[in-house]
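Read off the chains here:
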Amino acid sequence: MNLVFEGLVRSTADGKSIEPCLATSWDISDDGLVYTFHLREDVKFSDGTPVTAEDWEYSLERSLELGAWNSLISSIDDVKAVDEKTIDIVLKNPSGSLLASLAAFFCAVVPKDYYSSTDDDTLASNPIGTGPFVVPDDNTRIMQLQAGQVDIATGINAQMKAMIAGQADINVVDFESTHVEYISMNYTSEKLNNTRVRQALNYATDRDAIIQAVYGGQGTRCTSIVWPAAPHYNPDLPTYNYDLEKAKELLAEAGAENLELNLIITAGSPSDLMMATILKSQYC
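Right, let's walk through the structure included here.

Now for the sheet that holds strand β4 (residues 34–39). Taking strand neighbours across the sheet as the criterion, the four strands line up as β3-β4-β6-β5 in an open arrangement whose pairing is antiparallel. Looking along the sheet, the strands with just one partner apiece sit at the ends: β3 (23–28) and β5 (76–83). Strand-to-strand twist across the sheet, computed as the mean angle between neighbouring axes with direction ignored, equals 20 degrees. As judged from the six bridges shared by β5 and strand β6 (residues 86–91), these two strands associate in the antiparallel manner. Of the residues in β6, the one forming a bridge with Ile76 is Leu91. Across the face of the sheet, helix α1 (residues 53–66) comes into contact with β4, β5 and β6 while running at roughly 170 degrees to β5.

Next comes the structure, spelled out in structure tokens:
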């Protein structure tokens, strides 16, 4: 979300303190109840419209009233646009966590006119913020990187990594990822409400083949949705090994014949499409 939206402040690179973002600085009243933020000038939304103090007033009040994370900013009593360069955040009581909360994604600025007049589905599929633009299609992202139109591209799949790794003007950086690929099954569906069916799909999934084909062998089989680099990852949890005969046996026990399932994947992602194609082949 930080690629699309920005707040008054943000966390520093080491995550230990707060620094200015769309506010250049701020003052705190002696009683700790009023935070005055001085706004950056000439900031625009991704649609080209300028960011106003009124947008800030609307955005923070919207987060306070409608946001699922509003408990973290419950100390806010009022947000006032003093002028086009200044906003005041008035608190009910002093709060040592206010700046940290304002650095979170739910305190970002959005255009008032658009967000107050558009339905939630449209906002989810066509958000407008001030952050660096996001290109959802992997191929387009790589072409823009190669052409120098963007400085950084994230989420590069194994095939594209191999394609650009040898280019002198592109630096490929690897790091332990927090990304986990998994399938969520709708157990309330009549097709999947039998435990044996869900177990059969697990046994029919050749995870090693997917890791090799989709990720060039770079991935790691997980025992849960917690990633291996996480502090509390448990590599000793029981998991499913590929066993096609066991899968067939379980489906027979469940009386599941001619089972048709729909799998929803992310649009524009060659990795997801390749994975879905392999899964279809394994299940059929």
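Helix length check: helix α10 (residues 270–283) (14 residues) gives 20 Å between terminal C-alpha atoms against 20 Å at 1.5 Å per residue, within 8%. The set of residues buried in α10 consists of Ser271, Asp272, Met275, Ala276, Ile278, Leu279 and Gln282. Taken down its axis, α10 places every buried residue within 165 degrees of arc, on the same side. For α10, the exposed residues lying more than 90 degrees away from the buried face are Leu273, Lys280 and Ser281. Structurally, α10 contributes buried residues whose contacts are with α8 (207–215).

What counts and what doesn't
Residues numbered from 1 in each chain as written. Predicted model: local features only at pLDDT ≥ 70, side-chain atom pairs only at ≥ 80, totals over all residues. Heavy atoms only, no water. Pairing = 2+ DSSP bridges. Helix = DSSP H or I, 4+ residues; strand = E, 2+ residues; numbered from the N terminus. Axes fitted to C-alpha atoms, helices over the stretch in contact; angles between N-to-C directions. Contact = heavy atoms within 4.5 Å. Expected span 1.5 Å × (residues − 1). Buried < 20%, exposed > 50% of the residue type's maximum accessible area, 1.4 Å probe, protein only. Arc of directions from axis to C-beta.

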